[in-house]
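# A closer look at the structure
Read off the chains here:
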Amino acid sequence: MKTKSNGWAGALCAAFCLLIGVLAAQPVSAEPLEAFVVDKPIEWSAEREFLTREYAELHYGKDTATIVPQAVVLHWTAGPTWESAYYTFYPAARADGTVNVSSQFLVDRDGTVYRLLPETTLARHVIGYNWCAIGVENVGGEGGAEDLTDAQVTANVRLIRALHEKYPTIQYVFGHYQQTAARASGLYIEQVEGYHSIKSDPGPSFMGAVRGQLSGEGLTFYPE
Ligand SMILES: [Zn+2]
C-alpha cells in the first residue's frame with residue numbers, strides 16, 4: 001500500500017508540476033482593444049491620405065499610408081486636456097502644408113483610452129519610426145512636468161498588452177525621449193538629412209513604471 005500511495009503521490013506531483021509549468025509559460029492574457037477603447041476619430045480624408053503618403057515617400061521612401069506595427073511609442077501631450085490634443089490633431093494639414101501631427105491613441109488623465117486612427121494607419125508622432133510605430137499620447141507633461149497619473153500607467157500597460165496580442169509583429173516599446181537609443185532596434189529610417197528633434201516626453205519615471213509591469217512579456221524596452 002505504501003508503494004502504491006507513493007506512486008499516486010508521485011503521479012499527482014508530476015501532474016501538478018506539469019500544470020504549473022504550462023501556466024507559467026502562458027503569456028498574460030490581454031483583453032481585446034474593443035473592451036476598453038473609445039473610438040473618437042480625427043479627420044481621415046483624401047487630403048490626409050495624400051499628405052500621409054507624401055510624408056512617407058519623402059522621409060521613408062515608402063508610398064504608403066498604412067503600417068505593419070513593430071513598435072509602440074509613448075508620449076505626453078504637454079497640454080492640459082484630451083480635447084486640446086484632439087483638436088490639435090484633428091485637421092489633415094499643418095500650416096506648412098504637410099500632414100498634421102497625430103497619434104493612433106490618446107490616453108486621458110483618468111485612464112480613458114481614445115482611438116483617434118486605426119492602429120494600421122500611419123500617424124505622424126515620432127521622427128524616424130512613423131512607418132512602423134503606433135503612437136500613444138498621454139494628456140499631461142505641461143512645462144515638462146513628470147505628472148502622468150497611475151491611471152495612465154495602468155491604461156498604457158493594458159493598451160500595450162492588447163496591441164501586442166493583436167499584432168505579434170510588435171517587439172519594441174519606447175518613450176519619445178528614447179528615440180536615439182531605440183535606433184538599436186534597426187527600425188529607424190530618415191531620408192531627410194538633419195531632420196530631427198530633441199524630446200523629453202513622457203519622462204523616465206513613467207517609462208520605468210510601464211516597463212516594470214510589462215517585464216517578461218517578450219517586449220524590448222530601453223533603459224530609462
Ligand atoms: Zn512625443
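The paragraphs below set out a description of the structure included in this document. (Residues numbered from 1 in each chain as written. Predicted model: local features only at pLDDT ≥ 70, side-chain atom pairs only at ≥ 80, totals over all residues.)

### Section: the environment of Ile 170
Heads up, the rule is: The helix and strand labels rest on DSSP assignments: H or I over at least four residues marks a helix, E over at least two residues marks a strand, and numbering proceeds from the N terminus. Around each residue's C-beta, the other C-beta atoms within 10 Å are counted; 20 or more make the residue buried, 12 or fewer make it exposed, and counts in between make it partly exposed. All C-beta atoms are placed from the backbone. For the purpose of contact definition, each residue receives a C-beta atom placed from its backbone, and two residues are in contact when these atoms lie within 7 Å.
Tracing the chain through its elements places Ile 170 in the loop between α4 (150-166) and β6 (172-175). By the C-beta count within 10 Å, which is 23 here, Ile 170 ends up buried. Residues Ile 170 and Ala 71, 99 residues apart in the sequence, show an inter-C-alpha distance of 5.2 Å. Aside from chain neighbours lying at most four places away, what touches Ile 170 is Pro 69, Gln 70, Ala 71, Val 72, Leu 163 and His 164.

### Here we look at the sheet that holds β6
So the rule is basically this: The pairing criterion for strands is at least two bridges between them, as found by DSSP. Fitting a line to C-alpha atoms yields each axis, with helices limited to the stretch in contact; the angle taken between N-to-C directions then spans 0 to 180 degrees.
Taken in spatial order, the six strands make up an open sheet running β1-β4-β3-β5-β2-β6, and their pairing is mixed. Strand pairing shows two members of the sheet lacking a second neighbour, β1 (37-39) and β6, which therefore form its edges. Across the sheet, the mean angle separating the axes of adjacent strands is 25° when strand polarity is ignored. Relative to strand β4 (residues 113-115), β1 is paired through three bridges, and the arrangement is parallel. Of the residues in β4, the one forming a bridge with Asp 39 is Arg 115.

### Focus: the nonpolar core
Our working definition: As used here, a nonpolar core is made of buried Ala, Val, Leu, Ile, Met, Phe, Trp, Tyr and Cys residues. They are joined through C-beta atoms within 7 Å.
Ala 71, Val 72, Val 73, Phe 105, Leu 106, Ala 133 and Leu 159 are the most contacted members of the largest nonpolar core, which totals 45 residues. Examining the composition of this core, we find that six residues originate from one element, α4, more than from any other. In this structure Leu 159 touches Phe 105, Val 113 and Val 136, once residues within four positions along its chain are discounted.

### Observations concerning the pairing of strand β5 (residues 133-138)
Taking burial as the measure, the six residues of β5 include six buried ones, the bulk of the element. Side chains Ala 133, Gly 135 and Glu 137 of β5 all project onto a buried face; the interleaved residues Ile 134, Val 136 and Asn 138 project onto the opposite face, where all are buried too. With six bridges connecting them, strand β2 (residues 71-76) and β5 associate as parallel partners. From the neighbouring strand, Leu 74 faces β5, where its bridge partner is Val 136.

### What about helix α3 (residues 82-89)?
Heads up, the condition is: Summarising the geometry, the arc corresponds to the directions from the helix axis toward the C-beta atoms.
Taken as a whole, α3 has its buried residues at Trp 82, Ala 85, Tyr 86 and Phe 89. Angular distribution of buried residues about the axis of α3 spans 100°; they occupy a single face of the element. Exposed positions of α3 whose direction lies more than 90 degrees from the buried face are Glu 83 and Tyr 87. Where α3 is buried, its residues contact β3 (105-107), β4 and β5.

Such coordinate-based values are descriptive only and should not be taken to indicate function.
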